[in-house]
Amino acid sequence: MVFGRDIRLGRIMKDGKMLCIPMDHGISNGPIRGLEDPHGMIYQCENAGLTCVLVNKGIIKTMPRPTSIGLIAHFSGSTSLGPAPNRKMLMGSVEEALRLGADAVSLHINIGAKEEPEMLQKLGMIADKCDEWSVPLVAMMYPRGEGIKNPHDPEIVAHAARVGAEAGADIVKAVYTGDVASFRKVVKSVPVPLVIAGGPKATTDLEILEMCAGAMKAGAKGVTFGRNIFQHKNPPAMVRALHRVIFEDKSAKEAAKELG
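No experiment lies behind these values; they were computed from the predicted model shown.

Which parts of the structure should I look at to understand the sheet that holds strand β9 (residues 194-197)?
Hydrogen bonds between backbone atoms are what pair the strands of a sheet, whose relative direction is either parallel or antiparallel. As summarised here, the arrangement of the eight strands in space is β1-β2-β3-β6-β7-β8-β9-β10, forming a closed barrel in which the pairing is parallel. Strand-to-strand twist across the sheet, computed as the mean angle between neighbouring axes with direction ignored, equals 25°. In the sheet, strand β6 (residues 104-111) pairs with strand β7 (residues 137-143) via seven bridges, with the strands oriented parallel. Bridge pairing in β7 places Ile111 opposite Pro143. The strands touched by helix α6 (residues 116-133) within the sheet are β6 and β7, with β6 carrying the most contacts at an inclination of about 160°. The sheet contacts of helix α11 (residues 235-248) involve β1 (18-22) and β10 (222-224), and relative to β1 the element is tilted by about 145°.

Just checking my understanding: could you explain the packing of aromatic side chains for this structure?
How two aromatic rings sit relative to each other is set out by the distance from centre to centre and by the angle between their planes. The full count for this structure, using the stated rule, is one aromatic pair. For the cation-ring pair, Lys14 lies above Phe247, with the distance from its terminal atom to the ring centre recorded as 5.5 Å. Stacked on the ring of Tyr43, the Lys or Arg Arg65 has its end atom at 3.9 Å from the ring centre.

How should the pairing of strand β3 (residues 70-74) be read in this particular structure?
Consecutive side chains along a regular strand alternate between the two faces of the sheet. Along β3, five of the five residues are buried, which leaves the element largely enclosed by surrounding structure. Here β3 shows a buried face lined by Gly70, Ile72 and His74 and a second buried face lined by Leu71 and Ala73. Sheet topology places β3 next to β6; three bridges connect them, and they run parallel. Pairing of Ile72 across the sheet is with Ala104, part of β6.

Is there a simple way to explain the pattern of salt bridges in this structure?
Close approach of charged atoms lets side chains of opposite charge pair. One pass over the structure, following the stated rule, counts 15 salt bridges. For Asp6, the salt bridge is made with Arg5, and the minimal N-O distance between the two is 3.7 Å. The class of Asp6 is partly exposed, set by a relative accessible area of 37%. Linking Glu258 and Arg240 is a salt bridge whose minimum nitrogen-to-oxygen distance equals 3.7 Å. Within this pair, whereas Glu258 is found in the segment after α12 (252-255), its partner Arg240 is found in helix α11, the two being separated by 18 residues in sequence. For Glu258, a relative accessible area of 30% gives the class partly exposed.

In this structure, what is going on with the state of the cysteines? I would like to understand it.
Two cysteines form a disulfide when their sulfur atoms are joined by a covalent bond. This model, assessed by the stated rule, comprises zero disulfides. Cysteine Cys45 shares no disulfide, and the gap to the nearest cysteine sulfur, in Cys20, comes to 11 Å. Cysteine Cys52 shares no disulfide, and the gap to the nearest cysteine sulfur, in Cys20, comes to 3.7 Å. Cys52 sits in the buried class, given a relative accessible area of 0%.

In this structure, what is going on with the side chain of His39? I would like to understand it.
Position of His39 relative to the elements: it lies in helix α3 (residues 38-45). His39 has contacts with Ile59, Thr62, Met63 and Pro64, leaving out every residue within four places of it along the chain.

What should I look at first to understand the packing of helix α8 (residues 180-188) against helix α9 (residues 205-218) in this one?
Helix-helix packing is described using two parameters, namely the angle between the two axes and the distance between the axes. The contact between α8 and α9 brings their axes to 8 Å, and the two run at 50°. Here α9 runs oblique to α8, going by the angle between their axes. Crossing geometry of α8 relative to α9 is assigned as right-handed. Of the residues in α9, those touching α8 at Val180, Phe183, Arg184 and Val187 are Gly214, Ala215, Lys217 and Ala218. Residues that form the contact of α8 with α9 fall into these classes: five nonpolar, one polar and two charged.

Got a minute to help me understand the environment of Ser106 in this structure?
Looking at the element boundaries, Ser106 is found in strand β6. With relative accessibility at 0%, the residue Ser106 sits in the buried group. Distance in space between the C-alpha atoms of Ser106 and Leu54 is 7.8 Å, their sequence separation being 52 residues. Among residues more than four places away in sequence, those in contact with Ser106 are Leu54, Ile72, Ala73, His74, Phe75, Ser76, Val138 and Met140. A polar contact is formed between the side chain of Ser106 and the side chain of His74, at a distance of 2.9 Å.

Scoring rules and cut-offs
Residues numbered from 1 in each chain as written. Predicted model: local features only at pLDDT ≥ 70, side-chain atom pairs only at ≥ 80, totals over all residues. Heavy atoms only, no water. Pairing = 2+ DSSP bridges. Helix = DSSP H or I, 4+ residues; strand = E, 2+ residues; numbered from the N terminus. Axes fitted to C-alpha atoms, helices over the stretch in contact; angles between N-to-C directions. Contact = heavy atoms within 4.5 Å. Phe/Tyr/Trp six-rings, centres within 6.5 Å; stacked < 30°, edge-to-face > 60°. Lys NZ or Arg CZ within 6 Å of the ring centre and 35° of its normal. Buried < 20%, exposed > 50% of the residue type's maximum accessible area, 1.4 Å probe, protein only. Salt bridge = Lys/Arg side-chain N within 4 Å of Asp/Glu carboxyl O. Disulfide = S-S within 2.5 Å. Parallel < 35°, antiparallel > 145°, perpendicular 65-115°, else oblique. Left-handed = near helix turned anticlockwise from the far one by under 90°. Nonpolar A, V, L, I, M, F, W, Y, C, P; charged D, E, K, R; others polar. Polar contact = N/O pair within 3.5 Å; in protein donor to acceptor, adjacent residues only side chain to side chain.

Right under this line is the structure:
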């Protein structure tokens, strides 16, 4: 028997793997480079190998036409202009995601921030609602805030990721620790699929692809890369290259041929 959660996971993943562009930056940072036209970015990349995009609800509501890939509705918000950028507030509900036609819900939790307790409470509540409606929950678990000295420390990354899984997320998004050996330990300690964040804009294309390849070798189930795709000079080509690493098990150097 196939349940709604499985059907929806099949829309945001392919063969249990994910290639996603998170495009939720408009609330936190405004219309940054590459996201001046988020709909255009979605449409130019949707046939290049993406499995889904992660966007705020307003972007879903204003789409000129449906997209052929999965949609993850992001319901956490704060701005770089406000007094507490690390305090992610709940901006939607699971029922709203279903009304919008989204396939999954996403929340951003900053572990180590002084507002961590209230964010964890919201994560638990949304996880319960996702279970009620059979909707997958993606938890972005970032070590970020006053209590974090090194956000890439493998023990801290593992702790943050484990919190997401234990709170009820179906997929956890974590930062990459920088090497295969340490990240493999993180993956093994988290009982749900783990995907990695892209972080700041990388300096070279090969750096992006090597990070992806390292994470996959360690056992990750894919990537959610924002700036490293939508601020690339050729976003669809970068998506195609990442697709070759994730779904075809190509090396970073082999996949880089997609970039010319």
